[in-house]
Structure formats: C-alpha cells, structure tokens
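# Chains, contacts and geometry: an overview
Given next are the chains, with one letter for each unit.
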Amino acid sequence: MSHRRILSAFAGLAAAALAVPALAAAAPAAAPANVSTEASRASYIGSPQDEAATKAFYDAVMKSVRAKQAKAKAAGQKLDSVTVTYAVDAPTFAGQISSSTQIWNSSVSNVQLVEGSNYDFYYTEGNDSRGSYASTDGHGSGYVFIDYAQAQQYDKTRIVAHETGHVLGLPDHYSGPCSELMSGGGPGPSCTNPNPDANERSQVNSLWANGKTGTSTAAFHTAR
C-alpha cells in the first residue's frame with residue numbers, strides 16, 4: 001500500500017472519530033419524591049385551628065374515655081387496652097375511615113378504635129378553607145372534619161389516618177418525610193402513605209400505656 005493511501009486511510013479514521021457525537025452532559029439529579037420542602041409545605045392548606053380549640057377537642061375525647069374507664073372499673077372489668085368509640089357522619093369517606101381504623105388498630109396495642117353509638121368523637125365532612133382538622137363541637141364531643149377540596153388533591157386515606165392520629169395524641173410534623181403519617185401534606189400530593197411509622201406507633205402506645213388503670217396525662221400537642 002502506498003504512503004498516500006495509508007495517509008488517506010488515517011485521515012478517514014480521524015474524520016470518523018470527529019463525527020462521533022460527544023457524550024451528553026449528565027442531567028441534574030431530580031429532587032427525590034415525597035420529600036417535604038418549603039414549597040410543598042407552603043402549598044398545603046393546613047388547619048389554622050388555635051391551640052385552645054384543639055386542646056378542647058383532645059380534652060373532650062379524654063373526658064369521655066375516662067368516664068367509660070371509671071364505669072368499667074366500677075363493674076370490675078379489667079382493661080387490657082383503651083377503647084375509643086367513634087361515629088361516622090361522613091358517608092363520602094366511609095371507606096377511608098374504615099381503612100384508617102384498621103391501620104391504627106393493627107399498628108398499636110394500648111388503644112383501639114371502634115365504631116359505635118356511644119361515641120367519644122365523630123367524623124364529618126364538608127367545605128372549609130382551613131382544610132381538614134380535628135376540633136370540638138363545644139358540647140363535650142370531639143370531631144374530625146374532612147374537607148372536600150383537600151381530599152381531591154391529597155390521598156383520602158392518609159388525610160383520615162392523619163387526623164385520627166390527632167385523636168390519639170400525635171402532633172403535626174409537616175417537615176417530616178412521607179414515611180411519617182403526621183407530616184400530613186408537607187411532602188406534597190404525591191405522598192400517599194397512610195401508615196404511622198415506628199416512632200409514631202411507639203408514641204401512641206406510650207400515651208395510652210396507662211389504659212388498664214387510667215388515661216395518660218401527657219402534655220397536649222396542637223392538632224391540625
């Protein structure tokens with residue numbers, strides 16, 4: 001092969017090499033899903049219930065439970081766990097309420113939720129700019145309100161289970177991850193986890209640890 005043909009061949013290889021497109025620059029990593037951010041928390045409509053109102057709710061439920069405990073003790077009944085009874089005045093969310101009850105009853109042992117007529121609190125529904133929340137009706141009974149608009153954007157079962165967490169004494173923690181039930185809408189609408197994490201389960205069991213002898217007097221946390 002002549003020197004001219006060899007040089008021509010090398011030139012062709014060089015041109016081919018130059019024709020190979022450069023590797024694309026690595027795309028920036030996407031933000032992890034279901035993580036609470038300042039923006040996701042800002043877009044979440046949480047209840048602005050003041051501490052006095054939510055404490056009244058918690059106190060109403062506790063007063064009702066304590067009365068039942070006293071009656072059971074007077075009858076000589078041994079309490080292996082505390083039963084908190086609820087009623088449903090929220091037909092749109094009946095399925096989610098049932099699921100929430102199953103989730104909590106399988107997650108904790110010192111307190112159990114039961115639907116019944118002689119209730120300690122009830123679920124209701126409607127439209128409210130404050131979103132969903134736990135509060136009191138002012139007549140000795142607490143209630144959980146489920147907001148229609150919020151339920152169209154966020155997972156319904158997570159909303160109900162979150163609000164029920166307030167019934168059991170848990171505070172909000174909107175800055176927490178999706179794995180925390182009480183982070184509520186903080187991680188954004190893509191978070192659909194309806195289960196309390198190990199720490200939340202432990203907190204509830206601790207709050208209700210005195211179920212056999214009386215209700216815990218642990219400090220109240222604001223519920224939203």
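Overview of the structure.

## Considering the environment of Pro187
Mapping Pro187 onto the fold places it in the loop between helix H6 (156–167) and helix H7 (198–207). Residue Pro187 is classed as buried on the basis of its relative accessible area of 5%. Along the primary structure Pro187 and Thr37 are separated by 150 residues, whereas in three dimensions their C-alpha atoms are 6.7 Å apart.

## Things to note about the sheet that holds strand E1 (residues 82–89)
Strand order across the open sheet formed by five strands is E2-E1-E3-E5-E4, with mixed pairing between neighbours. Edge strands, defined here as strands with exactly one partner in the open sheet, are strand E2 (111–115) and strand E4 (133–136). Strand after strand, the sheet turns through a mean of 30° between neighbouring axes, direction not considered. Pairing analysis gives five bridges linking E1 to E2, with the strands arranged parallel. Of the residues in E2, the one forming a bridge with Val82 is Val111. Helix-sheet contacts for helix H4 (residues 94–107) involve E1, E2 and strand E3 (121–126), and the interaxial angle to E2 is about 155°. Most of the contacts of H6 go to strand E5 (residues 142–147), to which it runs at about 160°, and overall it touches E1, E2, E3, E4 and E5.

## Some remarks on the pairing of E4
Burial of the side chains of E4 extends over both faces: Tyr133 and Ser135 are buried on one face and Ala134 and Thr136 on the other. Relative to E5, E4 runs antiparallel, the two being bridged by four bridges. If you follow Ser135 over to E5, its bridge partner there is Tyr143.

## Quick look at the packing of H4 against H6
Where H4 contacts H6, the two axes come as close as 9 Å, and the packing angle between them is 55°. It follows that H4 is oblique to H6 by the angle criterion. In this structure, H4 crosses over H6, and the sense of that crossing is right-handed. Residues Gln96, Ile97, Ser99, Ser100, Ile103 and Trp104 of H4 touch H6, and the partners they reach there are Lys156, Thr157, Val160, Ala161, Thr164 and Gly165.

## Observations concerning the nonpolar core
If you look at the biggest cluster of nonpolar residues, it comprises 33 residues, and the most contacted ones within it are Val84, Trp104, Phe121 and Trp208. One finds Ala87, Tyr122, Tyr143 and Phe145 within the second-largest nonpolar core, a separate group that totals five residues.

## Here's the deal with H7
Residues Glu200, Val204, Asn205 and Leu207 constitute the buried set of H7. Seen from one end, H7 has its buried residues packed into an arc of 165°, which puts them on one side.

## Observations concerning the packing of aromatic side chains
For the structure on display, the rule yields ten aromatic pairs. Ring centres 5.4 Å apart and planes at 65° place the aromatic pair Tyr44 and Tyr174 in the edge-to-face group. Taken together, the residues span a long stretch of sequence, with Tyr44 in the loop between helix H2 (38–42) and helix H3 (51–74) and Tyr174 in the loop between H6 and H7 at a distance of 130 residues. Overall, Tyr174 belongs to the partly exposed group, its relative accessible area being 21%. Members of the aromatic cluster, joined through ring pairs, are Tyr119, Tyr122, Tyr133, Tyr143 and Phe145.

## Quick look at the side chain of Thr85
Along the chain, the position of Thr85 falls in strand E1. According to the relative accessible area criterion, Thr85 is buried, its value standing at 11%. When near neighbours in sequence (up to four residues on either side) are disregarded, Thr85 contacts Lys68, Val114, Glu115, Gly116, Asn118, Tyr119, Asp120 and Phe121.

About the cut-offs
Residues numbered from 1 in each chain as written. Predicted model: local features only at pLDDT ≥ 70, side-chain atom pairs only at ≥ 80, totals over all residues. Heavy atoms only, no water. Helix = DSSP H or I, 4+ residues; strand = E, 2+ residues; numbered from the N terminus. Buried < 20%, exposed > 50% of the residue type's maximum accessible area, 1.4 Å probe, protein only. Pairing = 2+ DSSP bridges. Axes fitted to C-alpha atoms, helices over the stretch in contact; angles between N-to-C directions. Contact = heavy atoms within 4.5 Å. Parallel < 35°, antiparallel > 145°, perpendicular 65-115°, else oblique. Left-handed = near helix turned anticlockwise from the far one by under 90°. Core = buried A, V, L, I, M, F, W, Y, C linked by side-chain atoms within 4.5 Å. Arc of directions from axis to C-beta. Phe/Tyr/Trp six-rings, centres within 6.5 Å; stacked < 30°, edge-to-face > 60°.

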